[in-house]
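Okay, here's what each chain looks like letter by letter:
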Amino acid sequence: MIDLTTEWLGFKLCSPLIVAASPIARDVEAAAAAVAAGAGAVIMHSLFEEELAAEQLAVHRLLDAHDNHDAETTRIMPDPGGSALGIDPYLIQLRQLRKRLNVPVVASLNGVTPGGWTTHARDLEASGASAIELNLYDVATSPDQSGAELEARQIAVVQGVVAAVGVPVTVKISPFYTSIPAFVRRLEAAGARGVAVFNRFYQPDIDLDALDVERRLVPSTEAELPLRLHGLALLAPWSGLSLGCTGGIWTGRDAAKAILCGAHVVQLASVLLQHGPKQLGVVLDELRHWLTERGYASSTEARAVMSASAALDPHAWERLNYVRMIGSWTSPYRWR
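> Would you mind going over the pattern of salt bridges with me for this structure?
Note that side chains of opposite charge can pair when their charged atoms are close. All chains considered together, the criterion is met by 6 salt bridges. Of the charged contacts, one joins Arg-186 and Glu-151 as a salt bridge, the two residues approaching to 3.5 Å between their closest N and O atoms. Within this pair, whereas Arg-186 is found in helix α7 (residues 180-189), its partner Glu-151 is found in helix α6 (residues 147-164), the two being separated by 35 residues in sequence. Arg-228 is paired through a salt bridge with Glu-224; the nearest N and O atoms lie 4.0 Å apart.

Right, here's the structure in full:
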């Protein structure tokens with residue numbers, strides 16, 4: 001029987017497939033179904049600092065508008081004091097998941113200020129989070145903000161959260177850094193224990209009929225996977241971090257590709273939202289079948305055998321290979 005256990009953030013997981021940050025963790029039974037199907041860990045849906053701040057501001061405005069409220073109104077008004085005003089439902093869900101599941105439950109935090117990140121991280125740890133995933137997601141809209149400034153702020157956030165909690169901290173990053181290896185090395189120096197590649201960047205569309213910006217999330221597709229494979233293959237040869245692949249995983253073969261490029265864990269979301277949490281078991285069976293067919297005794301044995309330092313072609317992940325490919329590019333269309 002093939003061994004699918006893996007080490008991630010210091011935890012020994014029963015399999016490399018884990019539930020990515022998504023609505024699945026909002027439903028304890030759905031998360032439990034994914035674990036029963038073989039999930040090695042569950043990452044909760046993201047907690048957004050901006051949403052908490054907006055809720056708190058709305059309550060304060062409500063109180064200001066009722067300066068002359070009577071005793072009965074006072075009794076039913078929410079208490080605006082403390083940062084836990086909007087975080088309580090998340091903490092309750094975290095505790096319920098920890099009680100129900102026998103795998104690590106990772107809280108996902110998406111913040112905008114150093115103080116907000118650290119305060120909420122402490123709350124999450126106190127409520128039983130096995131680890132914390134920081135989702136570094138900045139949309140630079142001002143030409144006055146340089147990339148170096150943005151990266152320095154993000155590194156400071158990671159350092160602050162790592163110093164504030166005792167549980168492992170992993171970081172989900174975007175693919176849009178000038179040098180991903182250099183930034184990941186800085187994350188490692190800041191105390192991060194893991195990195196996940198990549199989060200899905202905000203990409204609004206245009207509604208031509210309404211002449212408005214169309215804001216919607218669409219499921220990931222397998223077409224998004226190669227970008228993640230490239231990132232993993234570059235990081236695996238030298239990074240001591242636990243590596244995660246998130247986005248574009250729909251089949252066991254997709255998961256196998258991520259592991260071959262260096263992933264310790266493979267995060268699933270869209271495929272589970274589309275087909276249900278039990279689909280994780282289907283993906284796991286496909287992964288097990290592929291590894292067995294290829295003669296691997298474990299998923300760990302297969303990890304990183306296609307990384308930048310191990311691939312048969314040493315230039316496979318480099319620009320030189322792209323140049324060669326473009327030079328031989330042809331079209332099936334025959335023109336005169």
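> I'm lost on the confidence of the model for the protein chain in this one. Help?
A residue-level look at the protein chain finds 82% of positions with pLDDT of 70 or above and a mean pLDDT of 87. Scored below 50 in pLDDT, residues 54-84 shows 20 contacts in the model against residues more than four places distant or in partner chains.

> Please clarify how the packing of helix α9 (residues 252-261) against helix α11 (residues 279-293) should be interpreted in this entry.
Each pair of packed helices can be summarised by the angle the axes make with each other and by the distance between the axes. Relative orientation of the contacting elements α9 and α11 amounts to 60°, with a least axis distance of 7 Å. With respect to α11, the element α9 is oriented oblique. Considering how the two elements wind past one another, α9 and α11 form a crossing that is right-handed. Contacts between α9 and α11 involve Gly-252, Arg-253, Ala-255, Ala-256, Ile-259 and Leu-260 on the former and, on the latter, Val-283, Glu-286, Leu-287 and Trp-290. A per-class count over the contact of α9 with α11 returns 7 nonpolar, 1 polar and 2 charged.

> Hey, could you run me through the packing of helix α1 (residues 28-36) against helix α4 (residues 88-100) in this one?
Close contact between α1 and α4 brings their axes to 10 Å; oriented N to C, the two are set at 35°. For the pair α1 and α4, the sense of crossing is right-handed. In this structure, α1 uses Val-28, Glu-29, Ala-31 and Ala-32 to contact α4, whose residues at the interface are Gln-93, Gln-96, Leu-97 and Arg-100. The residue inventory of the contact of α1 with α4, partitioned by class, reads 4 nonpolar, 2 polar and 2 charged.

> Please explain α4 as it appears in this structure.
Two residues of an α-helix separated by three or four positions point the same way, owing to the 3.6 residues in each turn. Helix length check: α4 (13 residues) gives 18 Å between terminal C-alpha atoms against 18 Å at 1.5 Å per residue, within 8%. The set of residues buried in α4 consists of Tyr-90, Leu-91, Gln-93, Leu-94 and Leu-97. Buried positions in α4, seen along its axis, are confined to an arc of 160° and lie on one side of it. For α4, exposure combined with an orientation more than 90 degrees from the buried face picks out Pro-89 and Lys-99.

> Teacher, can you tell me more about the environment of Arg-193 here?
Examined against the element boundaries, Arg-193 turns out to sit in the loop between α7 and β8 (194-197). Look at Arg-193 and you get partly exposed, because its relative accessible area is 41%. When the C-alpha positions of Arg-193 and Leu-243 are compared, they lie 9.1 Å apart, and in sequence the two are 50 residues distant. With residues near it in sequence (within four places) discarded, Arg-193 still touches Leu-9, Gly-10, Pro-168, Val-169, Leu-241 and Ser-242. A polar atom in the side chain of Arg-193 sits 3.4 Å from the backbone oxygen of Leu-9.

Reading the values: rules and limits
Residues numbered from 1 in each chain as written. Predicted model: local features only at pLDDT ≥ 70, side-chain atom pairs only at ≥ 80, totals over all residues. Heavy atoms only, no water. Salt bridge = Lys/Arg side-chain N within 4 Å of Asp/Glu carboxyl O. Helix = DSSP H or I, 4+ residues; strand = E, 2+ residues; numbered from the N terminus. pLDDT = per-residue confidence, 0-100. Contact = heavy atoms within 4.5 Å. Axes fitted to C-alpha atoms, helices over the stretch in contact; angles between N-to-C directions. Parallel < 35°, antiparallel > 145°, perpendicular 65-115°, else oblique. Left-handed = near helix turned anticlockwise from the far one by under 90°. Nonpolar A, V, L, I, M, F, W, Y, C, P; charged D, E, K, R; others polar. Expected span 1.5 Å × (residues − 1). Buried < 20%, exposed > 50% of the residue type's maximum accessible area, 1.4 Å probe, protein only. Arc of directions from axis to C-beta. Polar contact = N/O pair within 3.5 Å; in protein donor to acceptor, adjacent residues only side chain to side chain.

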